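One letter stands for each residue in the lines below.
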Amino acid sequence: MHDDDLDVWLSGQRQEGPLVKAMEALLDEGLAVQDAVVEDVTRRAQRRLPRRRRRWPIAVGVALAAAAAGLMVRGWTPQDPEVSWAVDPSAAQLDPVRAEAATVNPSDRAARWLQEGHARDAELLYRLLLAQRPTGPAAAAQQLGLIEALRQQQDEAGAFAATMELAERYGPGTPWHDRFGDDALGTELSRALRRAAVDAHARGKAEEDPAILDRAGVAYELYLSDALEPEQEGPVRYAYGELLYKRERFDEAFEQYRAVAEDHPDSAQAEFCAQSAVYAAEKMVEASEGDPVWGERMVQAADAYVDRYGDTRQGFAFRYRAAYQVFQSDPSSSVERFDAVVRADPDSAEAAFGARLAVDALMAAEDHETIAERVAEWLDLGVAQGREQRAELETMGAWAAYQLAVSAVAEGEDPETVWAAYQEDWPGGQPPP
């Protein structure tokens, strides 16, 4: 008689076929075998038994189905992912906990030791379990336990190294995570990375050790690359921005500050980060010797701050600094910006300097009409009152008005009317010819 799938199945061999494929599908769904399937398997099994034994109870069929499922599981259950890193052999110091590793739930034993304050024993047991099966289903949880055991022993460097191993071996994108990972584990990984980064950052600052700070930066980057704690993203980016600024990595700091200011505008760090983005961009302008790209970014950051926090003193200062940055690259485009500075606070030093620079830009363009009009308005507002810039503005405004009068007379306007108006508006200016 021709053997079908069940014959081969019951003989313990594995073969491709409809029954095998069906069982694979059931296994993928958690072995949710329906009663009808069990009865069918039982009937088919009974037909292969001697007649006197065909009336075995249905339990036999269930047992046969269960046995078949067991064969399938043994034949198809995925093996642990291959180890892609070096696993140190169990050291002699792990001998005291070898007996515990052989218990039914050794991971539970290690967790209980942590709760009871036996951190060193827990550490040794976790290390032994990880050495015995480094990519087993419980490996990531055991690695998390190892990290906590090291923390309890105040071994910050060891805990940091173990956290980096956790991300490298069991984090998103690894074979282990593809096989066993889930969102809950991803959240635990995020928390471990955040804590490692913050601890290393604090230690690096306290010890003024740039190497530790750089290691903290790596942890921040890993955290932000796949963070599963949305509520923590703003504070982490702020902290990372501060670290980068301290390390004079101003371009990277700028990106973190701007991300907080734009993506988390209602956070406690938003205004500070909006300010810091301007400072970081200014540092990059200086470092790049006036790179126009960074000049534009600085202006954009300053404008963004003014738009959101314009009523503050800092907002006014940024308004002037943005205008000055524009003046350096395109003087004519800075005039309206400086005009806004003057009108916002005519009595300030920034207004006095801004008005003077705006006139310089207009002089270069030989725009005498706008010079005369703007200077007259600014003087009426009280700009540069008691400052040396006021006399300069009066002189330059009168000179521009004089040039306009000369041009008007040359174009045929009545000289007496033109010069009378000029002297009325600019009594301290150059006398008419």
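Check the entry above for the structure.
Residues numbered from 1 in each chain as written. Predicted model: local features only at pLDDT ≥ 70, side-chain atom pairs only at ≥ 80, totals over all residues. Heavy atoms only, no water.

Broken down by element type, the protein carries 22 helices and zero strands. Residue burial in the protein is summarised as follows: out of 433 residues, 42% are buried. Taking contacts inside the protein between residues at least 6 apart in sequence as the whole, the part at least 24 apart equals 56%. For the protein, the exposed surface amounts to about 23,700 Å²; the carbon and sulfur share of it is 48%. (Helix = DSSP H or I, 4+ residues; strand = E, 2+ residues; numbered from the N terminus. Buried < 20%, exposed > 50% of the residue type's maximum accessible area, 1.4 Å probe, protein only. Contact = heavy atoms within 4.5 Å. Areas by Shrake-Rupley, 256 points an atom, 1.4 Å probe, with all protein chains shown as cover.)

Moving on, we come to the nonpolar core. In terms of nonpolar packing, the biggest core is built from 74 residues, with L125, L166, Y170, Y220, F254 and M298 touching the most fellow members. No other element matches the nine residues that helix α15 (residues 270–287) contributes to this core. Those residues in contact with Y170 that lie beyond four places of it in its chain are W85, L130, P134, A139, A140, Q143, E165, W176, H177 and L185. If you look at the next biggest cluster of nonpolar residues, it comprises 35 residues, including Y320, V335, A352 and Y422. (Core = buried A, V, L, I, M, F, W, Y, C linked by side-chain atoms within 4.5 Å.)

The subject of this paragraph is the packing of helix α17 (residues 313–329) against helix α18 (residues 331–344). A packed helix pair is summarised by two numbers, namely the angle formed by the two axes and the spacing between the axes. Where α17 meets α18, the axes come as close as 7 Å, and the angle between the chain directions of the two elements is 160°. One finds that α17 runs roughly antiparallel with respect to α18. Pair α17 / α18 crosses with left-handed handedness. On α18, the residues that touch F316, R319, Y320, A322, A323, Y324, V326, F327 and S329 of α17 are P331, S333, S334, R337, F338, A340, V341 and A344. For the contact of α17 with α18, the per-class residue count stands at twelve nonpolar, three polar and two charged. (Axes fitted to C-alpha atoms, helices over the stretch in contact; angles between N-to-C directions. Parallel < 35°, antiparallel > 145°, perpendicular 65-115°, else oblique. Left-handed = near helix turned anticlockwise from the far one by under 90°. Nonpolar A, V, L, I, M, F, W, Y, C, P; charged D, E, K, R; others polar.)

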